[in-house]
Amino acid sequence: MRQHKHNTWLPCCKEATLLVEKKLQQQSLPLLQRIGLRLHLLYCIYCRRYAKQSQTIDKHLGEFVTQTDILPDESLKLQWEMMIAEKMKK
Ligand SMILES: [Zn+2]
């Protein structure tokens, strides 16, 4: 996978996944970061997939939490992250 040089507003894959996480946690992002993330997701299929999967997982975890009233298990998300990270190496 081609590594682009880091610049201030376009996130790399690692930053993009962090931004996805923040968005899922309902954290507000600065406008430039939101635009950067959006652009990144346009050209990066891995992060796009990651964002989609994270959303799905969070939705399921959310349902799980409301049903059982316990804290979500982070291991499932970590598994996905490791899988995506593995894919990005190629
Ligand atoms: Zn990416």
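Broken down by element type, the protein carries four helices and zero strands. The order of α-helices and β-strands along the protein, N terminus first, is α-α-α-α. The buried share of the protein, taken over its 90 residues, is 28%. When the accessible surface of the protein is totalled, it reaches about 6,900 Å², and 60% of it is carbon and sulfur.

With that settled, consider the coordination of the zinc ion. Surrounding the zinc ion are the protein donor atoms C13 (SG), H40 (NE2), C44 (SG) and C47 (SG), which sit 1.9 to 2.3 Å from the metal. In the primary sequence, the donor residues of the zinc ion line up as C-x26-H-x3-C-x2-C. One end of the pair, C13, is in helix α1 (residues 13–24); the other, C47, is in helix α3 (residues 45–68), with 34 residues separating them in the sequence. Comparing C13 with C47, the two get one shared label, buried.

The phi torsion at Q26 lies on the positive side, around 60°, for a residue other than glycine. Mapped onto the elements, Q26 comes out in the loop between α1 and α2 (31–43).

About the criteria used
- Once a new chain begins, its residue numbering starts again from 1 and follows that chain's sequence as written.
- For a predicted model such as this one, the threshold for reporting local features is a pLDDT of at least 70, and the threshold for listing and counting side-chain atom pairs is 80 or more; totals across whole chains, interfaces and linings nevertheless cover every residue.
- Note: side-chain values were computed over all heavy atoms of the structure, leaving out hydrogens and water.
- A helix here means a DSSP run of H or I that spans at least four residues, while a strand means a run of E at least two residues long, and both kinds are numbered starting from the N terminus.
- Partly exposed residues are those whose accessible area sits between 20% and 50% of the maximum for their type, while under 20% is buried and over 50% is exposed, using a 1.4 Å probe and protein chains only.
- Note on areas: these come from Shrake-Rupley sampling with a 1.4 Å probe, and a residue is covered only by the protein chains present in the view.
- Only N, O and S atoms count as donors, using a 2.8 Å limit from the metal and a wider 3.2 Å limit for Na, K and Ca, and since water is excluded some coordination spheres may look unfilled.

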